[in-house]
Amino acid sequence: MQAPVLQHEPDPPRERAPIRVERDPPTLTTLDMTLRVKSKVYVRELETMQRRLQEVAVSYLAEDRKAVVVFEGSDAAGKGGAIRRMSWPLDPRTLKVWPIAAPTPEEKAQHYLYRFWKRLPRPGQIVVFDRSWYGRVLVERIEGFASEAEWRRAYDEINEFERMLHDDGIRLVKIFLHITAEKQLARFRARFRDPVKRWRVSEEDLRNRDRWDDYIEATEEMFRKTSTVANPWTVIPSNNKKYSRLKVIDTVVQRMAAGVEISPPALDPAFEARLRAALGL
């Protein structure tokens, strides 16, 4: 008599723990917009922080770690200047900056996260997004490029996307630079007066400024719904560019180095001996 074939019952699917939103998410209302640093302090501290960032980047390269730094913020808040100060001390092989503008026709035909999936870091690389997937709940929400149903469900989509990055070992740093409306106006005027920088003031900048309050409301809701325990937002008052740049690099270093052994990679002992002999050391 043939033995009966036992049917193995598959294990029930394991439920993932819910994403935990921060109990006290950041808010623009409590920022001290008067924070600033003196020029001498800035020069000294910038060199120190850039050196520390170098050490972190070399460690990530040696250990094939990956990191993503997201920049959002008010127009003229200084995102470009902060990113440049991050880029200067780093080997181009370790850092890639993606400035995010309007999607291409190909990208519009796909899910809005598609173009960001394509630009995620390879092992050993830090990727910086100058604007990001948060456009869905900011500019696309305000300007009507996404329907209300689309941008409302985007909060959960973004949290799940970022959880996947976290689970895959990608260290995510989310930075929002904020300035006052008065400071923004002053920077727009300064750009307009400088022929080399005049091109940086666009029709979109003026349109966004007209809807300042709408952007503040959308930003606050973004913090409440997407500043999670695993991937929190850091909001930096940026009326003073020197203070903002130092705080940006410090934030990136602290977040990337947390729980990671940051030390220069060791040389192969045999090669080190030959190198010392060749260099007369």
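Heads up: the structure comes first, above all this text.
Residues numbered from 1 in each chain as written. Predicted model: local features only at pLDDT ≥ 70, side-chain atom pairs only at ≥ 80, totals over all residues. Heavy atoms only, no water.

Peer 1: So what about the overall build of the protein? Which residues, and what values?
Peer 2: A tally of regular secondary structure across the protein gives 11 helices and 5 strands. Its C-alpha atoms give the protein principal-axis dimensions of roughly 95 × 70 × 40 Å. Here the protein holds 281 residues, and the buried ones make up 43% of them. Contacts in the protein between residues far apart in sequence, at least 24 positions, make up 82% of those at least 6 positions apart. Of the roughly 16800 Å² of accessible surface on the protein, a fraction of 53% belongs to carbon and sulfur atoms. Looking at charge distribution, the protein has the averaged site of its 50 positive side-chain charges lying 7 Å from that of its 42 negative ones. (Helix = DSSP H or I, 4+ residues; strand = E, 2+ residues; numbered from the N terminus. Buried < 20%, exposed > 50% of the residue type's maximum accessible area, 1.4 Å probe, protein only. Contact = heavy atoms within 4.5 Å. Areas by Shrake-Rupley, 256 points an atom, 1.4 Å probe, with all protein chains shown as cover. Lys, Arg positive; Asp, Glu negative; His and termini not counted. Charge placed at Lys NZ, Arg CZ, Asp CG, Glu CD.)

Peer 1: So what's going on with the pairing of strand E4 (residues 170-178)? Residues and values would help.
Peer 2: When you tally the buried positions in E4, you get 8 out of 9 residues, the bulk of the element. Pairing of strand E1 (residues 66-73) with E4, which is carried by 8 bridges, proceeds in the parallel orientation. Looking across to E4, one finds that Lys 66 is bridged to Ile 170. Pairing of E4 with strand E5 (residues 233-237) involves 5 bridges; the strand directions are parallel. (Pairing = 2+ DSSP bridges.)

Peer 1: Describe the sheet that holds strand E2 (residues 95-99), with residues and values.
Peer 2: A sheet is described by the order of its strands in space; here 5 strands give the open sequence E2-E3-E1-E4-E5, paired in parallel fashion. The open sheet terminates on both sides in strands that have one partner only, identified here as E2 and E5. This sheet shows a mean twist of 20° between the axes of neighbouring strands, independent of strand direction. Contacting E4 and E5, helix H9 (residues 212-226) crosses the sheet at an angle of about 150° to E4. (Axes fitted to C-alpha atoms, helices over the stretch in contact; angles between N-to-C directions.)

Peer 1: Could you give me a rundown of the nonpolar core, with the residues and numbers involved?
Peer 2: Nonpolar side chains in soluble globular proteins tend to be buried together. If you look at the biggest cluster of nonpolar residues, it comprises 36 residues, and the most contacted ones within it are Val 69, Phe 71, Met 86, Ile 175, Val 248, Val 252 and Met 256. For this core, the secondary-structure elements that each account for two or more residues are helix H1 (39-62), E1, helix H2 (79-87), strand E3 (126-130), E4 and helix H10 (241-257). Apart from residues lying up to four places away in sequence, Val 248 is in contact with Phe 71, Ala 82, Met 86, Ile 175, Leu 177 and Ile 236. (Core = buried A, V, L, I, M, F, W, Y, C linked by side-chain atoms within 4.5 Å.)

Peer 1: Give me helix H7 (residues 181-193): which residues, what numbers.
Peer 2: An ideal rise of 1.5 Å per residue puts 18 Å on 13 residues; H7 measures up with 19 Å between its terminal C-alpha atoms. Of all the residues in H7, the buried ones are Gln 184, Arg 187, Phe 188 and Arg 191. In an axial view of H7, the angular spread of the buried residues amounts to 105°, which keeps them on one side of the axis. Within H7, the exposed residues directed more than 90 degrees away from the buried face are Glu 182 and Arg 193. (Expected span 1.5 Å × (residues − 1). Arc of directions from axis to C-beta.)

Peer 1: Tell me about unusual backbone geometry, residues and numbers included.
Peer 2: Unlike most non-glycine residues, Asp 64 shows phi in positive territory, near 60°. Checked against the element boundaries, Asp 64 lands in the loop between H1 and E1. Its identity is not glycine, yet Arg 131 carries a phi of approximately 80°, on the positive side.

Peer 1: Tell me about the pattern of salt bridges, and name the residues and values.
Peer 2: For the structure shown, the criterion picks out 19 salt bridges. The partner of Arg 115 in a salt bridge is Glu 107, with the nearest N and O atoms 3.9 Å apart. Taking the shortest distance from any N to any O, the salt bridge between Arg 136 and Glu 140 comes out at 2.8 Å. No difference in accessibility class separates Arg 136 from Glu 140, as the two residues are buried. Put simply, Arg 51, Arg 52 and Glu 55 are held in one network by salt bridges that share partners. (Salt bridge = Lys/Arg side-chain N within 4 Å of Asp/Glu carboxyl O.)

Peer 1: So what's going on with the side chain of Thr 228? Which residues, and what values?
Peer 2: Residue position: Thr 228 is located in the loop between H9 and E5. On the basis of relative accessible area, Thr 228 is assigned to the buried category, the value being 5%. Thr 228 has contacts with Ile 19, Arg 20, Val 21, Glu 22 and Asn 159, leaving out every residue within four places of it along the chain.

Peer 1: Requested: an account of a nonpolar patch on the surface, with residues and values cited.
Peer 2: On the surface, a nonpolar cluster with roughly 480 Å² of combined accessible area is contributed by Leu 267, Phe 271, Leu 275, Leu 279 and Leu 281. Mapping Leu 279 onto the fold places it in helix H11 (residues 269-279). Look at Leu 279 and you get exposed, because its relative accessible area is 54%. (Patch = residues over 30% accessible without salt bridge, like charges linked within 9 Å, V, L, I, M, F, W, Y side chains within 5 Å.)

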